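Examining the three-dimensional arrangement
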Amino acid sequence: REDLWVRGGCILDPEKLFFEERRVADQQRDCGGCILAPGFIDVQINGGFGVDFSQASEDVGSGIALVARRILSHGVTSFCPTLVTSPLEVYHKVLPQIPVKSGGPHGAGVLGVHLEGPFISREKRGAHPEAHLRSFEADAFQDVLATYGGLDNVRIVTLAPELDHSHEVIRALTALGICVSLGHSVADLGTAEKAVQSGATFITHLFNAMLPFHHRDPGIVGLLTSDRLPAGRRIFYGMIADGIHTNPAALRIAHRAHPKGLVLVTDAVPALGLGNGRHTLGQQEVEVDGLTAYVAGTSTLSGSIAPMDTCVRHFLQATGCSVECALEAASLHPAQLLGLEKRKGTLDFGADADFVVLDDSLHVRATYISGELVWQAEEARP
């Protein structure tokens with residue numbers, strides 16, 4: 001029970017190895033009593049280390065590669081590069097340059113792009129530039145295709161379900177295997193429930209950029225305890241557990257109401273890892289002061305500068321949940337959201353050998369992808 005067996009990038013059933021192949025391990029590694037956990041999956045990250053995924057350039061791939069490499073030290077083995085509301089030419093130029101890609105020594109794997117906007121509410125646009133927001137035209141799905149220029153590399157789309165024609169768009173996207181998330185929205189609970197009945201499965205950063213909970217109409221937040229969801233359908237919801245975006249009491253309320261749906265996201269902006277000063281997020285300028293990022297000149301929060309391992313530790317401390325619970329919110333739950341739970345977010349037999357080695361305080365000591373060591377803390381090196 002204390003061993004994890006790996007071969008060919010996958011986790012093995014040791015019984016079959018012993019009894020059918022009569023083999024023992026070729027190599028053994030002593031993890032020194034540390035915790036072994038599935039690699040973290042970040043389904044909402046806008047950039048980091050000076051790279052802005054929502055900026056068009058001739059070489060988007062090198063920026064993706066830089067972030068993919070740097071997040072290994074935070075235990076992230078797979079991620080969804082996220083684009084905020086942008087002009088059409090940005091989508092058309094950037095999206096073809098972000099293919100799905102397996103992880104390895106070069107960096108974390110790319111699971112597909114998360115498109116957050118531009119089909120969102122003006123009132124709850126947050127840090128999204130108003131000039132580039134859109135509503136759906138009469139031929140709604142064709143409008144979506146024209147806006148993004150194609151959906152080949154897309155894994156998640158965040159939209160506001162109260163927009164006209166949104167339900168036909170949700171049905172069309174989910175038919176293509178794309179996860180639809182509800183966010184940046186003034187939808188009431190009834191509208192949100194209809195969106196889930198049409199196929200939506202995720203809520204983008206719960207509590208942020210949506211109507212506040214009200215006892216007579218709890219809005220999108222009410223989906224956590226709704227009794228009008230399709231049978232067998234689990235709703236997932238993202239939370240930015242950076243100590244800034246959500247009060248610890250709100251984190252506890254959400255977790256206690258629906259623990260199995262909670263997905264930790266960083267919503268990290270290009271300023272991640274850079275410190276105080278002015279940075280970008282798509283078409284906007286962002287000002288970082290301490291642990292907080294604002295749209296420059298305003299008090300509007302603009303994403304987070306906390307990496308995933310920090311979010312896991314804060315979530316554990318704020319909720320008092322078990323260590324397993326905190327780790328699953330960053331691994332198993334995002335994998336389940338994307339339908340990848342047979343391969344990612346688990347240490348079950350047959351899964352990809354993407355895992356992290358953590359000390360008891362959940363600081364990352366080493367990161368492995370496909371059973372290969374891809375990052376190690378300096379003091380852990382021989």
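Just so you know, these numbers come straight off a predicted model, no measurement behind them. (Residues numbered from 1 in each chain as written. Predicted model: local features only at pLDDT ≥ 70, side-chain atom pairs only at ≥ 80, totals over all residues. Heavy atoms only, no water.)

UniProt annotation of "binding site: substrate" (unreviewed entry) refers to A127, N208, A209, R216, H245, L301, S302 and G303 when read in the numbering used here. Look at the named residues: they lie 177 residues apart in sequence, and the longest C-alpha span between them is 29.6 Å, so in the fold they stay spread out. Mapped onto the fold, A209 is located in the loop between β12 (202-203) and β13 (236-239). Once residues within four sequence positions are removed from consideration, A209 is found in contact with K124, G183, H184 and S185. For L301, the location among the structural elements is in the loop between β17 (292-295) and α8 (308-319). (UniProt positions renumbered as here; feature names shortened; annotations may be inferred. Helix = DSSP H or I, 4+ residues; strand = E, 2+ residues; numbered from the N terminus. Contact = heavy atoms within 4.5 Å.)

Position of G320 relative to the elements: it lies in the loop between α8 and α9 (323-329). For the pair formed by G320 and R252, sequence separation is 68 residues and the distance between their alpha carbons is 8.5 Å.

Take the sheet that holds strand β18 (residues 355-358) next. Taken in spatial order, the 4 strands line up as β3-β18-β19-β20 in an open sheet, and their pairing is antiparallel. Strands at the two margins of the open sheet, each flanked by one partner only, are β3 (35-38) and β20 (372-376). Within the sheet, the average angular offset between the axes of one strand and its neighbour, ignoring direction, is 25 degrees. Where β3 meets β18, 4 bridges bridge the pair, whose relative direction is antiparallel. Across the sheet, I35 pairs through a bridge with L358, a residue of β18. (Pairing = 2+ DSSP bridges. Axes fitted to C-alpha atoms, helices over the stretch in contact; angles between N-to-C directions.)

On the surface, a cluster of nonpolar side chains totalling about 330 Å² of accessible area is made up of F18, F19 and V24. Take F18: it is sitting in helix α1 (residues 14-21). Accessibility expressed as a relative area gives 36% for F18, which makes it partly exposed. (Patch = residues over 30% accessible without salt bridge, like charges linked within 9 Å, V, L, I, M, F, W, Y side chains within 5 Å. Areas by Shrake-Rupley, 256 points an atom, 1.4 Å probe, with all protein chains shown as cover. Salt bridge = Lys/Arg side-chain N within 4 Å of Asp/Glu carboxyl O. Buried < 20%, exposed > 50% of the residue type's maximum accessible area, 1.4 Å probe, protein only.)

Position of T346 relative to the elements: it lies in the loop between α10 (332-337) and β18. A polar contact of 3.0 Å, which involves the side chain of T346, links it to the backbone nitrogen of D348. Setting aside residues up to four positions removed in sequence, T346 forms contacts with I11, P38, E341, A351 and D352. (Polar contact = N/O pair within 3.5 Å; in protein donor to acceptor, adjacent residues only side chain to side chain.)

In this structure, F79, L159 and L223 are the most contacted members of the largest nonpolar core, which totals 84 residues. Ignoring anything within four residues of it in the chain, the contact list for L159 reads F119, I120, F136, V169, I170, L173, V180, S181, L182 and G183. Grouped together as the second largest cluster of nonpolar side chains are 15 residues, I41, V265, A335 and L338 included. (Core = buried A, V, L, I, M, F, W, Y, C linked by side-chain atoms within 4.5 Å.)

Time to look at the environment of L88. With respect to the element layout, L88 can be found in helix α3 (residues 88-94). Spatially, the C-alpha atoms of L88 and G149 are 8.0 Å apart, while their sequence positions differ by 61 residues. Not counting residues within four places of it along the chain, the set of residues in contact with L88 comprises R134, A146 and T147.

Neither face of strand β9 (residues 113-116) is open: one carries V113 and L115, the other H114 and E116, and all of them are buried. Note: β9 against strand β10 (residues 154-159), 4 bridges, orientation parallel. Residue pairing for β10: V113 is matched across the bridge by V154. For the crossover from β9 across helix α4 (residues 140-148) to β10, the handedness is right-handed. (Right-handed = clockwise from strand over helix to strand, strands pointing away.)

Further remarks concern the UniProt feature "binding site: Zn(2+)" (unreviewed entry) in the protein chain. The UniProt feature table records "binding site: Zn(2+)" (unreviewed entry) at E116, H184 and H205. These annotated residues cover 90 residues of sequence, but their C-alpha atoms sit close together, with the largest distance between any two at 11.0 Å. When you line up the elements, E116 lands in strand β9. Dropping the residues within four chain positions of it, E116 is found in contact with Q44, N46, T82, L83, V84, T85, H128, T158, H184, T204, H205 and D267. Structurally, H184 is set in the loop between β11 (179-182) and α6 (189-198). Apart from residues lying up to four places away in sequence, H184 is in contact with E116, I120, S121, K124, R125, G126, H128, A160, H205 and A209.

By the definition in use, this model includes 6 aromatic pairs. Measuring from ring centre to ring centre gives 5.1 Å for Y91 and Y148, while their planes differ by 80 degrees; the resulting arrangement is edge-to-face. With Y91 in helix α3 and Y148 in helix α4, the pair connects residues that are 57 residues apart, well separated along the chain. Ring centres of F355 and Y368 lie 4.7 Å apart, and the angle between their planes is 15 degrees; this geometry places the pair in the stacked category. In this pair, F355 sits in strand β18 while Y368 sits in strand β19 (residues 364-369), placing the two residues 13 residues apart along the sequence. Judged by relative accessible area, F355 falls into the buried class, the value being 7%. What makes Y368 buried here is its relative accessible area of 9%. (Phe/Tyr/Trp six-rings, centres within 6.5 Å; stacked < 30°, edge-to-face > 60°.)

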